[in-house]
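# Analysis of the macromolecular model
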Amino acid sequence: GSNWKASDKKSDLRRAKKMIEIAAKAGADAVKFQIFRAKHVYVSNAGQVNYLKKSGIKDSINDLFSHLEMDYDMIPKLANYCKKMKIMFMSTPFSVEDAKHIDPFVSIHKIASYEINHVKLLEFLSKTKKPIIISTGASTYEEIKFAKKILKQNKICFLQCTSKYPAPIESLNISTIPEIIKKFNVPGGLSDHSKDPIIAPLLAIGMGGTIIEKHFTLNKKLNGPDHKYALNPSELKEMIIAIRSADLAKGSRTKRIFEEEKELREFATRSIQAIKN
């Protein structure tokens, strides 16, 4: 999200690199930054959003997004630092212009929920022939189908998402993950905006999800719209450890006797036995 934003450019880069370090040490596969220009996202008189007011942010959405814009020259710096830290660099563009700057530095593209009907952006990303992950917050099956049709032959993964910040547990609707997988014949996953580090990610794994996306921060008390519901570094590590364990525990659908069971199977399972000649 926007949690890399500090103050001046030097501080922004320092904080972004620190977040990359934390994600890598926690065992994440990728770290993702949003790249946008306020003028490409909202009309000039878009106004305010209630959830931001509750976070103590009084700026208009235009002023806020202008403040949170990442300079394009940060992209190669962060991508190179990710290589150094051995973690995949990813980024979410909000316009074709953003995507053009991002494309040379990513192997997988990510589309935010509210861009699922952004035809020009979808068309551009489709032409890159790279895999695409799409969040589906506040979307219908028809809108998901529309996006898939534009993206054609690209490898696609749809993430169940609830576009609320934070998202209440009862609004997550994780049972849609197997439905999405079945209906669109693609991998599924979860973009989780809930505060809890464990419940939703593990349930998503159990439902067949293979990608989990989650906001994290250096400190939940920092100023900005995404800090309060994001995970702190220790929660991020806890979540990733739990996800890896859940993935191992899930196993396959095949019922079989494991090597670990054989000793007690032979020792303790009832069987017919001769007690005399």
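Up top is the structure.
What comes next concerns the included structure. Note that the coordinates shown come from a computational prediction; the quantities given were computed from them, not determined experimentally. (Residues numbered from 1 in each chain as written. Predicted model: local features only at pLDDT ≥ 70, side-chain atom pairs only at ≥ 80, totals over all residues. Heavy atoms only, no water.)

## Examining a positive patch on the surface
Put simply, the rule is: Surface patches are defined over residues having more than 30% relative accessible area and no salt bridge, joining like charges when they lie within 9 Å and nonpolar side chains (Val, Leu, Ile, Met, Phe, Trp, Tyr) when within 5 Å. Only the protein chains shown count as cover for residues, and all accessible areas are computed by the Shrake-Rupley method using a 1.4 Å probe. Salt-bridge detection follows one rule: a side-chain nitrogen of Lys or Arg within 4 Å of a carboxyl oxygen of Asp or Glu. Think of it this way: Lys and Arg go in the positive column, Asp and Glu in the negative one, and His and the chain ends go nowhere. By convention, the point assigned to a charge is CZ for Arg, NZ for Lys, CD for Glu and CG for Asp. Only DSSP runs of H or I reaching four residues or more are called helices, and only runs of E reaching two or more are called strands; each is numbered from the N terminus. Only protein chains enter the accessibility calculation, which uses a 1.4 Å probe. A residue is then buried if its area is under 20% of the maximum for its type, exposed if over 50%, and partly exposed in between.
Together, Lys120, Lys127, Lys129 and Lys152 give the surface a local cluster of positive charge. Mapped onto the secondary structure, Lys120 falls in helix H7 (residues 119-127). Note on Lys120: relative accessible area 59%, which makes it exposed.

## Some remarks on the side chain of Glu235
Spelled out, the test is: For this analysis, residues touch if any pair of their heavy atoms sits within 4.5 Å.
Tracing the backbone through its elements, the reader meets Glu235 in helix H11 (residues 233-250). Classification of Glu235 as buried rests on a relative accessible area of 17%. Residue contacts for Glu235: discarding those within four places in its chain leaves Pro197, Lys220 and Ala230.

## Section: the sheet that holds strand E6 (residues 188-192)
Stated precisely, the cut-off is as follows: For two strands to be treated as a pair, DSSP must find no fewer than two bridges joining them. Every axis corresponds to a line fitted to the C-alpha atoms, with the helix fit spanning only the stretch in contact, and the corresponding angles, defined between N-to-C directions, vary from 0 to 180 degrees.
Strand order across the open sheet formed by 5 strands is E3-E4-E5-E6-E7, with parallel pairing between neighbours. Looking along the sheet, the strands with just one partner apiece sit at the ends: strand E3 (109-111) and strand E7 (211-214). The sheet shows a mean angle of 20° between the axes of neighbouring strands, direction not considered. Bridge count for E3 against strand E4 (residues 132-135) is 3 bridges, and the pairing is parallel. Paired with Ile111 across the strands is Ile134, a residue of E4. Along the sheet, helix H8 (residues 141-151) contacts E4 and strand E5 (156-161); its crossing angle with E5, the most-contacted strand, is approximately 160°. Packing of helix H9 (residues 176-184) onto the sheet brings it into contact with E5 and E6, and relative to E5 it is tilted by some 150°.

## Let's talk about the pairing of E5
Two faces, one strand: in a regular strand the side chains alternate between the faces of the sheet. Short version of the rule: Handedness rule for crossovers: strands pointing away from the viewer, path from the first strand over the helix to the second running clockwise, crossover right-handed.
When you tally the buried positions in E5, you get 6 out of 6 residues, the bulk of the element. Taken together, the 4 bridges between E4 and E5 define a ladder with parallel strand orientation. What sits directly across from Ile133, in E5, is Cys157. Between the parallel elements E4 and E5, the chain passes through H8 in a crossover that is right-handed. Two strands pair when backbone bridges link them, and E5 and E6 are joined in this way by 4 bridges, in the parallel orientation.

Note that every value here comes from positions in space, so none of it alone points to a role or purpose.
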